[in-house]
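Next come the chains, spelled out residue by residue.
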Amino acid sequence: MRPKILLLEDDSAIAGTVAFALEREGFAVVHALLLRDADRQARRERPAAAILDVGLPDGNGLDLCRCWRADPSFATLPTLMLTARGEEIDRVLGLEAGADDYLSKPFSPRELVARVRALLRRATMPKAAPATDGLLLDEAGHRVLFAGQALPLTRLEYRLLRDLLLARGRILSREALLQSAWGADSEAADRTVDTHIKTLRAKLRDAGPAADGIATHRGVGYAWAPVSPGPLPTD
Ligand code: CA
């Protein structure tokens, strides 16, 4: 059966191009023009992934994403946001709303299809434990263990690592990390996050070469990208 992709896009020219590209690559497309239709279709059709536009006649695609993340039956639905040209803020908000990826308009349909494939691939990877590569998150004890030993982390480093592990590969913006680790009214700057990530990574590498799974996404933020035990197949 062809994997179903829910496409929420009110611009019919963009929707047509995207649907054509996806269908040519073997996907079935469920198209919605409005937020409320998208939510209804998602519940009825149970898509494998969703592509959500941000600006819609009846609201904001980010709100739907946020809503799904709070709903256990949609919390893990792979979701890609389409943001308007040059709307940097949307990109950050998209990740904070729980989107798995974003693409700015104009985009190439091939790029979109590649991103959707990557989302589906990631979604089918086993998600047994939030920590991988020998790392174990002990939230009750406010510590992270590697090979059975607690890492010598400061309070801030622990919080940063906890957030990254719990996000399970989703990119967290510096703003999101600042808010969570330092608190909403902190005067710390984005650069402070970078500094602490740097010392955190050094400590992880000290613990073991495979322990550092932090990936830097330039201009966006950080994510936990577990080190693979072997070479990944390329496609
Ligand atoms: Ca739109």
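Everything below is about the structure shown above.
Residues numbered from 1 in each chain as written. Predicted model: local features only at pLDDT ≥ 70, side-chain atom pairs only at ≥ 80, totals over all residues. Heavy atoms only, no water.

Novice: Just checking my understanding: could you explain the sheet that holds strand β8 (residues 135-138) for this structure?
Specialist: Pairing between sheet strands relies on hydrogen bonds along the backbone, with the strands arranged either parallel or antiparallel. Overall, antiparallel pairing links the three strands, which are arranged β8-β9-β10 in an open sheet. Bordering the open sheet on either side are β8 and β10 (149-150), each of which pairs with just one other strand. Alignment of strand β9 (residues 143-146) against β10, held across two bridges, turns out to be antiparallel. Residue pairing across strands places L145 opposite A150, the latter belonging to β10. Packed onto the sheet, helix α6 (residues 155-166) meets β8 and β9 and runs at close to 110° relative to β8. (Pairing = 2+ DSSP bridges. Helix = DSSP H or I, 4+ residues; strand = E, 2+ residues; numbered from the N terminus. Contact = heavy atoms within 4.5 Å. Axes fitted to C-alpha atoms, helices over the stretch in contact; angles between N-to-C directions.)

Novice: For this particular structure, what's the right way to read the packing of helix α7 (residues 174-182) against helix α8 (residues 190-207)?
Specialist: Axis angle and axis distance: for two packed helices, these are the angle between their axes and the distance between the axes, and together they describe the pair. Between α7 and α8, the least distance of the axes is 9 Å, while the angle of their chain directions is 75°. It follows that α7 is roughly perpendicular to α8 by the angle criterion. Across from R174, E175, L177, L178 and W182 in α7, the residues of α8 making contact are D190, T192, V193, D194 and H196. Looking at the contact of α7 with α8, its residues break down into four nonpolar, two polar and four charged. (Parallel < 35°, antiparallel > 145°, perpendicular 65-115°, else oblique. Nonpolar A, V, L, I, M, F, W, Y, C, P; charged D, E, K, R; others polar.)

Novice: Looking at this structure, how should I read the coordination of the calcium ion?
Specialist: Four donors placed tetrahedrally about a metal ideally form angles of 109.5 degrees, and six donors placed octahedrally ideally form angles of 90 or 180 degrees. Each protein donor to the calcium ion is listed here as D10 (OD), D53 (OD) and G55 (O); together their distances run 2.2 to 2.3 Å. We note that the donor set of the calcium ion lies within a single chain, spaced as D-x42-D-x1-G. Note that D10 is positioned in the loop between β1 (4-8) and α1 (12-24) and D53 in strand β3 (residues 49-53), a separation of 43 residues in sequence. Judged by relative accessible area, D10 falls into the partly exposed class, the value being 31%. (Donors = N, O, S within 2.8 Å, 3.2 Å for Na, K, Ca; no water. Buried < 20%, exposed > 50% of the residue type's maximum accessible area, 1.4 Å probe, protein only.)

Novice: It is not clear to me how unusual backbone geometry should be interpreted in this structure. Could you clarify?
Specialist: Negative phi characterises most residues that are not glycine, and trans characterises most peptide bonds. Omega for the peptide link from K105 to P106 comes to -5°, which places this bond in the cis form. Even without a glycine there, the phi angle at R46 is positive, about 50°. Relative to the helices and strands, R46 is located in the loop between α2 (35-45) and β3. Although it is not a glycine, H142 sits at a positive phi angle of roughly 50°. If you trace the backbone, H142 turns up in the loop between β8 and β9.

Novice: Even after reading the chapter, I still don't get the pairing of β1, so can you show me in this structure?
Specialist: Where a strand is regular, its side chains alternate between the two sheet faces. Most of β1 sits out of view: four of its five residues are buried. As paired strands, β1 and strand β2 (residues 28-32) are joined by five bridges and run parallel to one another. Each residue of the ladder has a partner; that of L7, found in β2, is H31. One crossover worth recording links β1 to the parallel β2 by way of α1, and it is right-handed. Sheet topology note: the β1/β3 ladder contains four bridges and is parallel. Residue pairing for β3: L6 is matched across the bridge by A50. (Right-handed = clockwise from strand over helix to strand, strands pointing away.)

Novice: What's the story with helix α5 (residues 109-123) in this structure? I'm lost.
Specialist: Every α-helical turn comprises 3.6 residues, leaving residues that sit three or four positions apart pointing alike. Between its first and last C-alpha atoms α5 spans 21 Å; for 15 residues at 1.5 Å apiece the expected length is 21 Å, and the two agree. Along α5, the positions that sit buried rather than exposed are L112, V113, V116, L119 and L120. Here the buried residues of α5 occupy an arc of 120° about the axis, which is enough to place them on one side. Considering only its buried residues, α5 is in contact with β1, α1, β3, β6 (79-83) and β7 (101-104). (Expected span 1.5 Å × (residues − 1). Arc of directions from axis to C-beta.)

Novice: Would you mind going over the side chain of R174 with me for this structure?
Specialist: The topology assignment puts R174 in helix α7. Side-chain polar atoms of R174 contact the side chain of D194, separated by 2.7 Å. Beyond its immediate sequence surroundings of up to four residues, R174 is in contact with D190, V193, D194, G219, V220, G221 and Y222. (Polar contact = N/O pair within 3.5 Å; in protein donor to acceptor, adjacent residues only side chain to side chain.)

Novice: Can you walk me through the packing of α6 against α8 in this structure?
Specialist: The geometry of α6 relative to α8 is characterised by a closest axis approach of 10 Å and an angle of 80° between their N-to-C directions. The pairing of α6 with α8 is recorded here as roughly perpendicular in orientation. Counted together, L156, E157, L160, L161 and L164 of α6 and H196, I197, T199, L200, K203 and L204 of α8 form the full contact between these two elements. Residue classes in the contact of α6 with α8 are distributed as seven nonpolar, two polar and two charged.

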